[in-house]
Amino acid sequence: SQQGEEDPQALSIQEGENATMNCSYKTSINNLQWYRQNSGRGLVHLILIRSNEREKHSGRLRVTLDTSKKSSSLLITASRAADTASYFCATDSNSGYALNFGKGTSLLVTP
Amino acid sequence: DTAVSQTPKYLVTQMGNDKSIKCEQNLGHDTMYWYKQDSKKFLKIMFSYNNKELIINETVPNRFSPKSPDKAHLNLHINSLELGDSAVYFCASSQDLRYEQYFGPGTRLTVT
C-alpha cells in the first residue's frame, strides 16, 4: 500500500523564493528518500536520510526527518526556474523489497 | 554513458497484443525494479528482482512477467494487453533497498 503522502499537491513560487514540501508516512522506516521528476523524464535521486538522522543538506536542499511524527520535509532554497518538476518522497516498505512513493508535489518556479 | 536504459521509449499497440520492454543497467547493481506510473503520476512498484529472488507485487496481473537473462537486464513482458495497461513504465536499479535507486527514462505504453 502507498506509504508516503506529499503536501502540498502543487506549489507555485517565484525564482529566488524558498520552496517547502512535506511528506507523511504511516509505518516505521529504515530510510526516506526524495526524488525529482522533470516532465517526461525518469526520477532522479536527490537525497536519502536514514531513520537515525534528523537533518541532511545537499547544496540548496535541506531535508528533515521527524520519526516521532512520521514526517519529512524538503526545503529548496533560492529556487530557480530549472527546479520546476515533481518531487516525490519514498520510504522503504514493510516487506523490505521496494520503495513506496507518494503522489508527489508539483513545483512551478516562475522567472 | 547511460546508467539505466529502456527501449522502446514509446510503444503504441492494440488490445490483445503481447509486447516486451527491455531494460539494461551498467551500474553493476544487484537489484532491479519495474514501476508503473499512472496518469496521475502515482508510482507503483510492480516487481523487485535480484540474482537470487523475484518478488512480485500481489496486485500485478499475471499477464505481466519479468524476465532476467543476466544481472544487468530485467525485461518486462506483457501478454494480452488491456486499455488499463496504458501508463509509463520505469525500470530502476540499486545496490539494494538501503540505497538510492537509479531510474531509466521510462516507456510510455499506449494501448488502443
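Rules used throughout
Residues numbered from 1 in each chain as written. Chains lettered and ligands numbered in written order. Predicted model: local features only at pLDDT ≥ 70, side-chain atom pairs only at ≥ 80, totals over all residues. Heavy atoms only, no water. Helix = DSSP H or I, 4+ residues; strand = E, 2+ residues; numbered from the N terminus. Rg over C-alpha atoms; globule rule 2.2 N^0.38 Å. Buried < 20%, exposed > 50% of the residue type's maximum accessible area, 1.4 Å probe, protein only. Contact = heavy atoms within 4.5 Å. Areas by Shrake-Rupley, 256 points an atom, 1.4 Å probe, with all protein chains shown as cover. Lys, Arg positive; Asp, Glu negative; His and termini not counted. Charge placed at Lys NZ, Arg CZ, Asp CG, Glu CD. Phe/Tyr/Trp six-rings, centres within 6.5 Å; stacked < 30°, edge-to-face > 60°. Pairing = 2+ DSSP bridges. Axes fitted to C-alpha atoms, helices over the stretch in contact; angles between N-to-C directions. Buried area = accessible area lost by both parts, 1.4 Å probe. Salt bridge = Lys/Arg side-chain N within 4 Å of Asp/Glu carboxyl O. Polar contact = N/O pair within 3.5 Å; in protein donor to acceptor, adjacent residues only side chain to side chain. Nonpolar A, V, L, I, M, F, W, Y, C, P; charged D, E, K, R; others polar.

A tally of helices and strands in chain A yields zero helices and eleven strands. When the helices and strands of chain A are listed from N to C terminus, the series reads β-β-β-β-β-β-β-β-β-β-β. Here chain A has a C-alpha radius of gyration of 13 Å; the compact-globule value for 111 residues is 13 Å, and the two agree. When the backbone C-alpha atoms are referred to their principal axes, chain A occupies close to 40 × 30 × 20 Å. Counting only residues that meet the buried cut, chain A has 47% of its 111 residues in that class. When contacts within chain A are restricted to residue pairs at least 6 apart in sequence, long-range pairs at least 24 apart make up 54% of them. Accessible surface, chain A: about 5,200 Å² in total, of which carbon and sulfur atoms supply 44%. Computed over 12 positive and 10 negative side-chain charges, the separation of the two mean positions in chain A equals 4 Å.

Overall, the coordinates contain nine aromatic pairs over all chains when judged by the stated rule. Where Y35 of chain A meets F101 of chain A, the ring centres are 5.4 Å apart and the plane angle is 55°; that geometry is what we call tilted. Taken together, the positions of Y35 of chain A in strand β4 (residues 31-37) and F101 of chain A in strand β10 (residues 99-101) put the pair 66 residues apart, joining distant regions of the chain. The exposure class assigned to Y35 of chain A is buried, which follows from its relative accessible area of 0%. Overall, F101 of chain A belongs to the buried group, its relative accessible area being 1%. Consider the rings of Y33 of chain B and Y35 of chain B, whose centres lie 6.2 Å apart with planes at 35°: the pair is tilted. A residue is classified by how much of its surface remains accessible, and Y35 of chain B, at 0% relative accessible area, is buried. Taken together through their ring pairs, the aromatic side chains of Y35, F88 and F101 of chain A together with Y33, Y35, F90 and F103 of chain B make up a single cluster.

Another point: the sheet that holds strand β1 (residues 5-7) of chain A. All names here are of chain A. The antiparallel open sheet is built from five strands, whose spatial order is β1-β3-β8-β7-β6. On the outer flanks of this sheet lie β1 and β6 (55-58), each paired with one strand and no other. On average, each strand axis in the sheet is tilted by 20° relative to the strand beside it, whichever way the strands run. Direction of pairing for strand β3 (residues 19-24) relative to strand β8 (residues 71-76): antiparallel, over a ladder of six bridges.

A few words on the interface of chain B and chain A. Taken together, the contact pairs 21 residues of chain B with 22 residues of chain A. In total, chain B and chain A occlude about 1,700 Å² of area from one another, counting both sides; carbon and sulfur atoms represent 59% of this. Across the contact surface, chain B and chain A share zero salt bridges. Here chain B is connected to chain A by three residue pairs in polar contact (both at pLDDT 80 or more). When contributions to the side of chain B that touches chain A are tallied by element, the ones reaching two or more residues are β4 (31-37), β5 (43-50) and β6 (54-56) of chain B. For the side of chain B that touches chain A, a count of residues per class yields twelve nonpolar, five polar and four charged.

Attention now goes to the sheet that holds strand β3 (residues 19-25) of chain B. All names here are of chain B. An order of β1-β3-β8-β7 is seen for the four strands of this open sheet, with the pairing classed as antiparallel. Lying at the two open borders of the sheet, with one neighbouring strand each, are β1 (4-7) and β7 (64-67). Recorded for the sheet is a direction-independent mean angle of 20° between the axes of neighbouring strands. The sheet contact formed by β1 and β3 spans four bridges and is antiparallel. Bridging across to β3, V4 finds its partner in Q25.

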